[in-house]
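Overview (structure and organization)
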Amino acid sequence: MKILSVASEVYPLVKTGGLADVTGALPLALTEHGVAVRTLMPAYPAVLQAVEKPKKLADLGKVFGEEARLLSVMHQGLDLLLLDAPAFFNRPGGPYLDQTGKDHPDNWKRFAALSKVGASIAAGLLPGWRPDLVHAHDWQSSMTSVYMRYIQAPEIPSLLTVHNIAFQGQFSAEHFSALELPPHAFMEAMEYYGTLSYLKAGLVTAHAISTVSPSYAEEILTPEFGMGLDGVIATRSDALYGITNGIDAAIWNPSNDPLIRSGYTATSLKKRLANRKALAEAFGIDDDEGPLFCVVSRLTWQKGMDILVEVVDELVARGGKLIVLGAGESGLEAALLGAAERHKGRVGVSIGYNEPLSHLMQAGSDAILIPSRFEPCGLTQLYGLRYGCIPIVARTGGLNDTVIDANEAALAAQTATGIQFWPVSAEGLRQALRRAFRLYHDGKSWTQMQKLGMKSDVSWGRSAARYAELFRSLISKGP
Ligand code: ADP
């Protein structure tokens, strides 16, 4: 089975969030299921620097008026097709934001170009290789199925995976005429309250839709979580699936992770202490017996970071320590830095993106706090489970599906792997922390949870099997 995945970020080449982890790991996990994935992504400068000797595969002439060609290269087991369109992708800044943190003004055109080329590949642009199905991810490639339906390749099935419905690719309707679509595509697919919505257009035109956990698949049907698209999704509920993400268990493996100070397994948890010591040095905090809580996150409202700020004082007053790694909204960054200033030696904050440090934090902290208001799947709780870093999570989306709450029944049955709380509020998180302190000081229950978490299957195995099954059923159903 041949799949074309179209993605705006792919780990380890470019990553701004969980999307990249999925698009980087899923193709590798799918090979075991007889699925061969080729991934189309933009040739950002960082990508061209990282890959070795890409081959020119096709000259695309002009795409939306700009020179473009397609390169191919294998990189760490990934079969990549790189859209090399320098006017769109060779520029400073990140994949979506410029150096000042503002959206690139032509994002509407850059990602329509990616999608349009994806549709051309689906239609047979590459001699000798045509996908059986196209898999798009989020708004940045959700226009692929739009071009497939209206321009070419309506016969090839497509799946759109929504990693986060909060990001919708909404643009001014005045760009429609430049998208090279037939006029009726505007009302049928693209129009959203007088604007263009790339995600909505993908939701309407893809053969099937999936999200990254079963709970989130249900949640986005409601006004509270649907972010204005719940009505659209409701019309597609017969084609809506929820498949929980896995993690790359080779990269995230505490027994041989080169990014941590001391490797360990579920039977040598004491070795985690060397990692805790390394963290104390890195963050300038005390290395004492109190539980060490960590946060690795975008610092945003979605992630409940304002709620975290509200509970820091109590966390410290109870003898805990907190380390935070992340970047995001400036007010939240400032509030967390302020907390670190107030609680020297007890709270440490590192603003920025730091992959190696994120590994060490999972390996040396006692618990990871994830107070998200909504969470399509979430990966950091899965890393936490695998690393014996107890996840303390809001009961929402994928957090709900992957962490088993340490209520009395679960503790007695020895199935608990973390702590869930609800409602998602400062009081909810405070209650959860109080439970965490109790369990931590009890010692036995804590270790039991660590061991169970480390045993739970968070790898891609099962999820990849479900994707393969879904691909198969969509292909056999036909257009
Ligand atoms: P989202 O995609 O909504 O940001 P996820 O939990 O699905 O949230 O994925 C976040 C990914 O990004 C995880 O792999 C996490 O470890 C990583 N991450 C987030 N912030 C940082 C950071 N500041 N430094 C390193 N890794 C980070």
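Residues numbered from 1 in each chain as written. Predicted model: local features only at pLDDT ≥ 70, side-chain atom pairs only at ≥ 80, totals over all residues. Heavy atoms only, no water.

1. What to know about the overall build of the protein chain
For the protein chain, the count of helices and strands is 21 helices and 18 strands. Taking 23 Å as the expected radius of gyration for a compact globule of 479 residues, we find that the protein chain reaches 23 Å, a close match to that expectation. Its C-alpha atoms give the protein chain principal-axis dimensions of roughly 65 × 45 × 45 Å. Expressed as a percentage of the 479 residues in the protein chain, the buried residues total 60%. In the protein chain, of all internal contacts separated by at least 6 residues, the share reaching a separation of at least 24 is 71%. As displayed, the protein chain offers around 18,400 Å² of accessible surface, 53% of which is attributable to carbon and sulfur atoms. Here the protein chain carries 44 positive and 48 negative side-chain charges, and the mean point of each set is 4 Å from the other. (Helix = DSSP H or I, 4+ residues; strand = E, 2+ residues; numbered from the N terminus. Rg over C-alpha atoms; globule rule 2.2 N^0.38 Å. Buried < 20%, exposed > 50% of the residue type's maximum accessible area, 1.4 Å probe, protein only. Contact = heavy atoms within 4.5 Å. Areas by Shrake-Rupley, 256 points an atom, 1.4 Å probe, with all protein chains shown as cover. Lys, Arg positive; Asp, Glu negative; His and termini not counted. Charge placed at Lys NZ, Arg CZ, Asp CG, Glu CD.)

2. Quick notes on the sheet that holds strand 2 (residues 36-42)
Strand order across the open sheet formed by nine strands is 3-4-5-2-1-6-7-11-12, with mixed pairing between neighbours. The sheet is open, and its two borders are formed by strand 3 (55-63) and strand 12 (240-242), each paired with just one other strand. Along the sheet, successive strands turn relative to each other by an average axial angle of 25°, direction set aside. As judged from the four bridges shared by strand 1 (residues 2-6) and strand 6 (residues 133-137), these two strands associate in the parallel manner. Following the sheet pairing, valine 6 is matched in strand 6 by alanine 136. Sitting on the sheet, helix 8 (residues 198-205) is in contact with strand 7 (158-162) and strand 11 (208-211), with an inclination near 135° to strand 7. (Pairing = 2+ DSSP bridges. Axes fitted to C-alpha atoms, helices over the stretch in contact; angles between N-to-C directions.)

3. Regarding the domain arrangement of the protein chain
One can read the domain layout of the protein chain as domain 1 (2-246 + 461-477) and domain 2 (269-455). Centre-to-centre separation of domain 1 and domain 2, based on C-alpha positions: 32 Å. Listed by partner, the interface residues are 20 residues for domain 1 and 18 residues for domain 2. For the pairing of domain 1 and domain 2, the buried interface totals around 1,400 Å² over both sides, and the portion due to carbon and sulfur atoms is 59%. When the buried area of domain 1 at its contact with domain 2 is split by residue, Lys15, Ser215 and Phe225 rank highest and sum to 25% of it. Taken together, the connections running from domain 1 to domain 2 amount to one salt bridge. Measuring nitrogen to oxygen at the nearest pair gives 3.7 Å for the salt bridge that ties lysine 15 to glutamate 355. The tally of links from domain 1 across to domain 2 stands at seven residue pairs in polar contact (both at pLDDT 80 or more). Put simply, the parts of the chain that give the side of domain 1 that touches domain 2 at least two residues each are helix 1 (18-30) and helix 9 (214-219). The dominant element in the side of domain 1 that touches domain 2, judged by the number of residues it contributes, is helix 9, at four residues. When grouped by side-chain class, the residues that make up the side of domain 1 that touches domain 2 number eight nonpolar, nine polar and three charged. (Domains from an automatic or database assignment. Buried area = accessible area lost by both parts, 1.4 Å probe. Salt bridge = Lys/Arg side-chain N within 4 Å of Asp/Glu carboxyl O. Polar contact = N/O pair within 3.5 Å; in protein donor to acceptor, adjacent residues only side chain to side chain. Nonpolar A, V, L, I, M, F, W, Y, C, P; charged D, E, K, R; others polar.)

4. Here we look at the pairing of strand 5 (residues 78-84)
With six of its seven residues buried, strand 5 lies for the most part within the structure. Judged from the seven bridges that link them, strand 4 (residues 66-75) and strand 5 form a sheet pairing that is antiparallel. Bridge assignment links valine 73 to a residue of strand 5, and that residue is leucine 80.

5. With respect to the site of the ligand
Close contacts around the ligand come from 19 residues, with Lys15, Gly18, Arg298, Lys303 and Gly352 the closest. In the model, an oxygen atom of the ligand is placed 3.0 Å from a nitrogen or oxygen of the aspartate 21 side chain. Alone, the ligand offers 570 Å² of accessible surface; in the complex the protein occludes 92% of this. Sorting the residues of the shell around the ligand by element identifies helix 1, strand 13 (292-299), strand 14 (321-328), helix 15 (355-364) and helix 16 (380-387) as the ones contributing at least two each. Looking at the shell around the ligand element by element, the count peaks at three residues for strand 13. Across the shell around the ligand, the residue classes tally to five nonpolar, nine polar and five charged. Viewed by domain, the shell around the ligand spans two of them, domain 1 (2-246 + 461-477) and domain 2 (269-455), each represented by three or more residues. (Near = heavy atom within 4 Å.)

6. A closer look at the nonpolar core
The biggest cluster of nonpolar side chains holds 79 residues, and the ones touching the most others in it are Leu40, Leu179, Leu181 and Met190. Of the residues forming this core, the biggest block, nine residues, is contributed by helix 4 (residues 107-122). With sequence-adjacent residues up to four places away left out, methionine 190 is seen in contact with Met143, Val146, Phe176, Leu179, Leu181, Ala185, Thr195, Leu196, Ser197, Tyr198, Lys200 and Ala201. The next biggest cluster of nonpolar side chains, apart from the first, holds 71 residues, and it includes Ile307, Val312, Val347 and Ala363. (Core = buried A, V, L, I, M, F, W, Y, C linked by side-chain atoms within 4.5 Å.)

7. Here's the deal with the packing of helix 19 (residues 426-442) against helix 20 (residues 444-455)
One can describe the packing of helix 19 onto helix 20 by two numbers: an axis separation of 4 Å at closest approach and a directional angle of 100°. Here helix 19 is positioned roughly perpendicular relative to helix 20, judged by the angle of their axes. Taking contact as the criterion, the partners of Ala436, Leu439, Tyr440 and Asp442 in helix 19 are, on helix 20, Lys444, Ser445, Trp446 and Met449. (Parallel < 35°, antiparallel > 145°, perpendicular 65-115°, else oblique.)

8. Structural notes on unusual backbone geometry
Each neighbour pair has its own omega, and for tyrosine 11 with proline 12 the value is 10°, a cis peptide bond. At the junction of tryptophan 422 and proline 423, the peptide bond is cis and its omega measures out at 0° in the coordinates. Topologically, proline 423 is positioned in the loop between strand 18 (419-421) and helix 19. If you check the backbone angles, alanine 153 has positive phi at about 65° while not being a glycine. Residue position: alanine 153 is located in the loop between helix 6 (144-150) and strand 7. Phi is positive for glutamate 180, which is not a glycine, with a value near 60°. You can see glutamate 180 is positioned in the loop between strand 8 (170-172) and helix 7 (184-190).

9. Points about the packing of helix 13 (residues 305-317) against helix 14 (residues 330-342)
The N-to-C vectors of helix 13 and helix 14 enclose an angle of 15°; their axes lie 10 Å apart at closest approach. In terms of orientation, helix 13 and helix 14 fall into the roughly parallel class. Note on packing geometry: the crossing formed by helix 13 with helix 14 is left-handed. Packed against helix 13, whose contacting residues are Met305, Asp306, Leu308, Val309, Val312 and Asp313, the element helix 14 presents Leu332, Ala335, Leu336, Ala339 and Arg342 at the interface. Of the residues contributing to the contact of helix 13 with helix 14, the split by class is eight nonpolar, no polar and three charged. (Left-handed = near helix turned anticlockwise from the far one by under 90°.)

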